[in-house]
Amino acid sequence: EDKDIPMLRDQVVLSLVQGCKSNIYNLDSVALKMLNIIVICSLGARIFHVREITGLFYSASGGFGLGPNKEHIISVITPMLNCENAEKGERLILAEVQKVIDEGITEQELGDARQLYLNNILSFFSNRFNIASNFAYMHDMDLGFDYYSKSWEEAINMTVEDLNDVAKKYYDTSNFN
């Protein structure tokens, strides 16, 4: 027998969005991707840590420097949370981003982000379909076929100071709408 059981939870997906004056040709895109790993998109990410400590939101996703193309990139943070926690969750998330801007990242975070970023590059060439897709992407975007080699080198040589400078350059928590 089928039963209709209503879901009695009020949940909302909050979207905090900021445009960035950068594009795929700007070498800061590698640093932005590494900041993305540190702040949003890994189990050890700063936003995930806020979630674990407070329990205010069910999940969070998004990224810094998403959708790099020939003209622009955007940054998005999207937590799913209870309606009554939306304002507090937004405040805590933006405070964590501001902490990255003000205090910077650590050597440990850089090392972890570097490893994940480089592993991602390797996965882009892990099978014939990925190889073909990535070469087509590099061709379509006029990146040159050495794009990932250059990105690899940049990630290897990235310093904490480099990432902290990029965070200060591109992120202003008052611009997340």
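So, here's what we can say about the structure. (Residues numbered from 1 in each chain as written. Predicted model: local features only at pLDDT ≥ 70, side-chain atom pairs only at ≥ 80, totals over all residues. Heavy atoms only, no water.)

For the rest of this paragraph, the subject is the overall build of the protein chain. Within the protein chain, the regular secondary structure consists of seven helices and four strands. Reading the helices (α) and strands (β) of the protein chain from amino to carboxyl end gives β-β-α-α-β-β-α-α-α-α-α. Its C-alpha atoms give the protein chain principal-axis dimensions of about 55 × 50 × 30 Å. Counting only contacts in the protein chain whose residues sit at least 6 apart along the sequence, the fraction spanning at least 24 positions is 74%. In the structure as shown, the protein chain presents an accessible area of about 10,200 Å², 53% of it carried by carbon and sulfur atoms. A gap of 1 Å separates the mean positions of the 15 positive and 25 negative side-chain charges of the protein chain. (Helix = DSSP H or I, 4+ residues; strand = E, 2+ residues; numbered from the N terminus. Contact = heavy atoms within 4.5 Å. Areas by Shrake-Rupley, 256 points an atom, 1.4 Å probe, with all protein chains shown as cover. Lys, Arg positive; Asp, Glu negative; His and termini not counted. Charge placed at Lys NZ, Arg CZ, Asp CG, Glu CD.)

On to the layout of surface pockets, then. Computed from the structure, the largest pocket encloses a volume of approximately 300 Å³. Along the walls of the largest pocket sit 21 residues, with Lys33, Asn36, Tyr117, Asn120 and Phe124 positioned nearest its centre. Of all the secondary-structure elements, those providing two or more residues to the lining of the largest pocket are helix H1 (28-39), strand S3 (57-66), helix H4 (107-123), helix H5 (128-140) and helix H6 (147-157). With four residues, H4 is the largest single contributor of residues to the lining of the largest pocket. Residue composition of the lining of the largest pocket, grouped by class: 13 nonpolar, seven polar and one charged. (1 Å grid on protein atoms, 1.4 Å probe; cavity = no way out; pocket = protein on both sides within 12 Å on 5 of 7 lines; lining within 4 Å. Points joined across faces, edges and corners; volume = space filled by probe spheres on them. Nonpolar A, V, L, I, M, F, W, Y, C, P; charged D, E, K, R; others polar.)

Before going further, it helps to spend a moment on unusual backbone geometry. Of note, the phi angle at Asp142 is positive, near 55°, even though the residue is not glycine. Within the secondary structure, Asp142 sits in the loop between H5 and H6. Since its relative accessible area comes to 58%, Asp142 is described here as exposed. (Buried < 20%, exposed > 50% of the residue type's maximum accessible area, 1.4 Å probe, protein only.)

Moving on, we get to the packing of aromatic side chains. The full count for this structure, using the stated rule, is five aromatic pairs. Ring geometry for Phe135 and Phe145: centres 5.5 Å apart, planes at 50°, overall tilted. A residue pair is termed long-range when its members are at least 10 positions apart, and Phe135 in helix H5 and Phe145 in the loop between H5 and H6 qualify at ten residues. When its relative accessible area of 34% is taken as the criterion, Phe135 is described as partly exposed. The class of Phe145 is exposed, set by a relative accessible area of 55%. For the ring pair Tyr147 and Tyr148, a centre distance of 5.0 Å and an interplane angle of 75° mean the geometry is edge-to-face. Classification of Tyr147 by relative accessible area gives buried; the value is 9%. (Phe/Tyr/Trp six-rings, centres within 6.5 Å; stacked < 30°, edge-to-face > 60°.)

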